[in-house]
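Fold and contact review
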Number of protein chains: 2
Amino acid sequence: MITLDKISFSQALDLCLENTSETIIKKQVFIYDALKEFIAEDVKAERNSPAFTNSAMDGFAFKHSDNRQLKVVKTIYAGDKYKDFDIKENECVRIMTGARVPEGLDTVIPIEKCISVTDNEIEIPEIKKGSNVRLKGEEFAKGDVLIQKGTEITPEIIAMLVNQGIVNVNIYVKPKIAILSTGNELKDPWESADEDEVYNINSHAIKMLLKKHGFKADIIGIIPDTLDKTVEFIKTLKTKYDVIITSGGISFGDADFLYEAYLKNGLKPLFHGIMVKPGRPTMAGIMDNVFVFALPGNPLSSYINAFGLVIPTLRKLSGADAYYHNIVLAENLKDFKVNPKKDHTILGKYENGKWEAYNGYKYGSGMLSPLINSNSLMILNKGKEIIKKGETVRIVPFECSFGKKCFTFNT
Amino acid sequence: MITLDKISFSQALDLCLENTSETIIKKQVFIYDALKEFIAEDVKAERNSPAFTNSAMDGFAFKHSDNRQLKVVKTIYAGDKYKDFDIKENECVRIMTGARVPEGLDTVIPIEKCISVTDNEIEIPEIKKGSNVRLKGEEFAKGDVLIQKGTEITPEIIAMLVNQGIVNVNIYVKPKIAILSTGNELKDPWESADEDEVYNINSHAIKMLLKKHGFKADIIGIIPDTLDKTVEFIKTLKTKYDVIITSGGISFGDADFLYEAYLKNGLKPLFHGIMVKPGRPTMAGIMDNVFVFALPGNPLSSYINAFGLVIPTLRKLSGADAYYHNIVLAENLKDFKVNPKKDHTILGKYENGKWEAYNGYKYGSGMLSPLINSNSLMILNKGKEIIKKGETVRIVPFECSFGKKCFTFNT
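Now for a look at the structure at hand. (Residues numbered from 1 in each chain as written. Chains lettered and ligands numbered in written order. Predicted model: local features only at pLDDT ≥ 70, side-chain atom pairs only at ≥ 80, totals over all residues. Heavy atoms only, no water.)

1. Looking at the overall build of chain A
Our working definition: In this description a helix means any DSSP run of H or I spanning at least four residues, a strand means any run of E spanning at least two, and both kinds are numbered starting from the N terminus. Working definition: with a 1.4 Å probe on protein chains only, accessible area under 20% of the residue-type maximum means buried, over 50% means exposed, and in between means partly exposed. What sets the accessible areas is the Shrake-Rupley method with a 1.4 Å probe; for residues, cover comes only from the shown protein chains. Charged residues are defined here as Lys and Arg on the positive side and Asp and Glu on the negative side; His and the ends of the chain fall outside this count. Charge positions are represented by NZ for Lys, CZ for Arg, CG for Asp and CD for Glu.
In terms of helices and strands, chain A carries seven helices and 31 strands. Considering only C-alpha atoms, chain A reaches an extent of 95 × 50 × 40 Å along its principal axes. Within the span of chain A, comprising 411 residues, buried residues form 57% of the whole. For chain A, the computed accessible surface area is about 17100 Å², with 47% contributed by carbon and sulfur atoms. In chain A, the 53 positive side-chain charges and the 53 negative ones have mean positions that sit 3 Å from each other.

Structure, rendered in structure tokens:
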């Protein structure tokens, strides 16, 4: 077992990602329901692209070796199906964008580039052979791998699937996720609460963060307040879910027996405590086949670690081939100090190539204002005392894509 | 009327954004359904944060002016409700994270920082007054504006709403959107198609792009192939939708009478044709109270203009206070040439501060490979002939947030 607090944020992320089991269950979904899912099989081209040689413009198709004075003998619209016909020397056809270019013709000139156009004749200037013609198969040929297994389905990917006539797509089945909180002091937001009662922010915030990233999760409620009941509760849960995410309950407090209840259910911890500020009381482990995250009770730290650790892990568990947050490089706008003995996750605002830590990194982990007034996270490895104005920093935007390589950490 | 091709991409965007009508219809939704919606009223704090002075750590609460040797007289758990009680000099309480700090005590020391701890007594080192105590209202006070009208609802915003006990939130009703295609040559992807038949990519791709950005749209089908029928078709649609998006049909082709059908329905064009490559045959206008976009027929240009022009406009139409794509700055990896007489929208890949145009910006607008192998767009104003290796360029990631200022264009 790894000792509490001896692990860095990047080691924690590595341990999570190394210990995900392989995704094997697949299902088919209709393309409209496929956004943010991960493709479970390589998608190969069903047809050539373009399927036939066609015009890229509205204009006239002709043979490049002919004269510049041409007789218009026919009009071809997009979608017109026709048998090839004889086109004599110095004859051309009027042709619409997307329409098949007749056999023997090799170049298209757009209407507006013609020197003169009458109903029957056109005069054209010099133009490069093959201009405005899209050749059959020039983009890709039937059988080529277009989309690789593990790719996230974006609107762009759906455009390509439709292009191939694919409307039902094989995706990986995502893990079933349970979210729980500890502490019977928490009220749900639809309950009435006295001023000294606190709402259960974490469960709802994490559920919404997961939803944004394409994961569904059930909020199971609040963990019982005795060890025995909690052991039973977890025992039932682990038969029904692939991932359990709890928040609160694994620091040193007297009432914090959640960790013990996990251990009694066979948990093998990957780490228990991260040397990071905020977000130290964080644990991850495997309990039979269930991946367990125990996040901090503080809403801010809990949210940051859900974003920084849980989302990449859930992506990998779901068969994604890209699970590291993509970063942007930014110029740090103001000096700020950090404790060099710890890693830090620092909220801030990125705009137009510049980044600034929220309130000079002076805020409490019990606050939510830093979160709603930031749009990005800087993850800093230990060792530095000051981040200087003008330094280039690596920033994870809340709206980020994911990549196959890790560029996340500032050193 | 604005002449075809005389307008830049940035002017086109400005014209769209300047001509959106004000959003006034509101509705309430439950927080779980609120992601990507826009807040319709300022949200004020319902309570102080923190609601009461509480401990930031598991530890011991004491009076800073007391000795460093303290008697433990009580334990207070998070959620404990209690009347204030007398605490004598050199007495302290054991306290859990989040628990209310008794009146008269001002500082908390974490368990692990104590010099010695027994059941009844602790010895503590020097610690700053007020440490580990969160004061009532220190983050914000009741009545403060927490979230401004027009803000996009993110998981972070939901965390704050829950913190305030808000589960039903006022949002703007988004516009009703119809998507249409032109050209009876198009097959839907669930139809069987010969090799020389083309699938209707645009409608589905745009619907999915809109879905990703939080907008619902109905695919209405394919516009009839005669002018009269199309005039009638549009006439019916405009009574039912707030936005109509068509693709194809407004270039110079013989079969392109869509524009005329719009005009006969009272369309006042904002522009008709953009001096951009690809994506020239693009039109936007207002038809009674309906915002109309006519996008190119080419899937690539159609998709790019939907992303670059339609999404910001739909956000503004929906009451968002932030509708300009946020950009990242990147180092251009390779020289590439462009036609200096036009604006350009250039697909490419951003990673770790560097960006590279897809295939040196050599690709056709009928292709989809450039789209699925890119993750970002560079929008370039006319005037440049070459984009040099090492230049800093402004890049819009497909996964982007939106801001109140426009940093989109490269000059």
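From this point on, the discussion continues.
2. Remarks on helix α4 (residues 227-240) of chain B
An α-helix turns once every 3.6 residues. As a result, residues three or four positions apart point the same way. All names here are of chain B. Note the following rule: Given the number of residues in a helix, its expected span is that number minus one, multiplied by 1.5 Å. Taking the helix axis as origin, the arc is that swept by the directions to the C-beta atoms. When checking whether two residues touch, look at their non-hydrogen atoms; a contact exists if any pair is within 4.5 Å.
Taking 1.5 Å of rise per residue, the 14 residues of α4 would be expected to cover 20 Å, and the 20 Å separating its terminal C-alpha atoms lies within 8% of that figure. Buried residues of α4: L227, T230, V231, I234, L237 and K238, and no others. With its buried residues spanning 130° around the axis, α4 presents them on a single face. In this structure, α4 carries D228, K229, T239 and K240 as exposed residues pointing more than 90 degrees from its buried face. Elements in contact with the buried residues of α4: β13 (177-181), β16 (218-222), β17 (243-247), α5 (258-264), β20 (283-287) and β21 (290-295).

3. Details of the pattern of salt bridges
Residue and element names in this part refer to chain B. Rules: Salt bridge, as used here: a side-chain nitrogen of Lys or Arg that lies within 4 Å of a carboxyl oxygen of Asp or Glu.
This model, assessed by the stated rule, comprises 28 salt bridges over all chains. R100 is the salt-bridge partner of D84, the closest N and O atoms lying 3.6 Å from each other. Taken together, the residues D84 in the loop between β5 (69-76) and β6 (91-95) and R100 in the loop between β6 and β7 (107-110) connect sequence positions 16 residues apart. A relative accessible area of 39% places D84 in the partly exposed class. With a shortest N-O distance of 3.1 Å, K334 and E356 are connected by a salt bridge. Note that K334 is positioned in the loop between β23 (328-332) and β24 (336-337) and E356 in strand β26 (residues 354-357), a separation of 22 residues in sequence. Classification of E356 by relative accessible area gives partly exposed; the value is 29%.

4. Some thoughts on the side chain of R315 of chain B
In this structure, R315 of chain B sits in helix α6 (residues 299-317). Filtering out sequence-adjacent residues up to four positions away, R315 of chain B remains in contact with F38, E152, F215, A320, A322, Y323 and F402 of chain B.

5. Quick notes on the relation of the copies chain A and chain B
In plain terms, the rule: Copies overlap after least-squares fitting; the atoms used are the C-alpha atoms of residues with pLDDT of at least 70 in both.
Mapping chain A onto chain B is achieved by rotating through 180° and translating by 0.0 Å along the same axis, at an RMSD of 0.1 Å. What the rotation and shift describe, once combined, is the action of a two-fold rotation axis. Rotation axis and chain A: the residue whose C-alpha lies nearest the axis is E399 of chain A, separated from it by 3.0 Å. Of all interface residues in chain A, 99% are interface residues in chain B too; the two copies therefore contact each other through one and the same surface.

6. As for the sheet that holds strand β9 (residues 121-123) of chain B
Residues and elements named next belong to chain B. Note the threshold: By definition, two strands form a pair when at least two bridges between them are found by DSSP.
Ordered by their spatial adjacency, six strands build an open sheet running β7-β4-β6-β5-β9-β8, and the pairing between neighbours is mixed. Edge strands, defined here as strands with exactly one partner in the open sheet, are β7 and β8 (116-117). Across four bridges, β5 lies against β6 in parallel orientation. By the bridge assignment, K71 is partnered in β6 with E91.

7. A short note on the sheet that holds β16 of chain B
All names here are of chain B. Our working rule: Fitted lines through C-alpha atoms give the axes, limited to the stretch in contact for helices. The angle between two N-to-C directions lies from 0 to 180 degrees.
Pairing in this open sheet of six strands is mixed, and the strands run β16-β13-β17-β21-β20-β18 from one edge to the other. Looking at which strands have only one partner, the edges of the open sheet turn out to be β16 and β18 (267-272). Within this sheet the neighbouring strands show an average axis-to-axis angle of 20°, counted without direction. Summarising the sheet, β20 and β21 pair through five bridges and their orientation is antiparallel. When the sheet's bridge partners are listed, I286 is paired in β21 with F291. The sheet contacts of helix α3 (residues 201-212) involve β13, β16, β17 and β21, and relative to β13 the element is tilted by about 155°.

8. Comments concerning unusual backbone geometry
Omega for the peptide link from S49 of chain B to P50 of chain B comes to -10°, which places this bond in the cis form. Here P50 of chain B lies in the loop between β2 (43-44) and β3 (54-55). K277 of chain B connects to P278 of chain B through a cis peptide bond whose omega is -10°. Looking at where P278 of chain B falls in the secondary structure, it is placed in the loop between β19 (276-277) and β20. Unlike most non-glycine residues, N359 of chain A shows phi in positive territory, near 45°. For N359 of chain A, the location among the structural elements is in the loop between β26 (354-357) and α7 (369-372). The class of N359 of chain A is exposed, set by a relative accessible area of 53%. A positive phi angle, close to 60°, is found at N90 of chain B, a residue other than glycine.

9. Thoughts on the packing of helix α1 (residues 9-18) of chain A against helix α6 (residues 299-317) of chain A
Residue and element names in this part refer to chain A. What counts here: By the definition adopted for this analysis, an angle is roughly parallel if under 35 degrees, roughly antiparallel if over 145, roughly perpendicular if from 65 to 115, and oblique otherwise. In this scheme, a crossing is called left-handed if the near helix is turned counterclockwise away from the far one by less than a right angle; it is called right-handed if the turn is clockwise. The residue classification treats Ala, Val, Leu, Ile, Met, Phe, Trp, Tyr, Cys and Pro as nonpolar and Asp, Glu, Lys and Arg as charged. All others, Gly included, are polar.
Across the interface, α1 lies against α6 with an axial gap of 9 Å and an inter-helix angle of 25°. Here α6 runs roughly parallel to α1, going by the angle between their axes. Handedness of the α1/α6 crossing: right-handed. Listed contacts from α6 to F9, A12, L13, C16 and L17 of α1 are N305, G308, L309, P312, T313 and K316. Split by residue class, the contact of α1 with α6 holds seven nonpolar, three polar and one charged.

10. With respect to helix α3 (residues 201-212) of chain A
All names here are of chain A. Here is the rule: Under the rule applied, a polar contact is a pair of N or O atoms within 3.5 Å (in protein, one hydrogen donor and one hydrogen acceptor; residues adjacent in sequence only if both atoms are side-chain atoms).
The terminal C-alpha atoms of α3, which comprises 12 residues, lie 17 Å apart, in line with the 16 Å expected from a rise of 1.5 Å per residue. Along α3, 11 of the 12 residues are buried, which leaves the element largely enclosed by surrounding structure. Among all positions of α3, only I201, N202, S203, H204, A205, I206, K207, M208, L209, L210 and K212 are buried. N-cap assignment for α3: the residue whose side-chain oxygen lies 3.4 Å from the backbone N of S203 is N200.

11. Concerning the interface of chain A and chain B
How big an interface is tends to be expressed through the accessible area that disappears when the partners come together. Condition: As a working definition, buried area equals the accessible area (1.4 Å probe) given up by two parts on being put together, with both sides summed.
Counting residues at the interface gives 87 residues for chain A and 86 residues for chain B. Carbon and sulfur atoms make up 59% of the surface buried where chain A meets chain B, a total of about 7500 Å² over both sides. It is Y32, E156 and E195 of chain A that lose the most area in chain A upon contact with chain B, and together they represent 10% of the buried surface on that side. Scanning the region where chain A abuts chain B turns up six salt bridges. The partner of K81 of chain B in a salt bridge is D194 of chain A, with the nearest N and O atoms 3.3 Å apart. At the boundary of chain A and chain B, one finds 20 residue pairs in polar contact (both at pLDDT 80 or more). If you list the elements that add at least two residues to the side of chain A that touches chain B, you get β11 (145-147), α2 (155-163), β15 (198-199), α3, β23 (328-332), β25 (343-351) and α7 of chain A. For the side of chain A that touches chain B, the class distribution of residues is 46 nonpolar, 15 polar and 26 charged.

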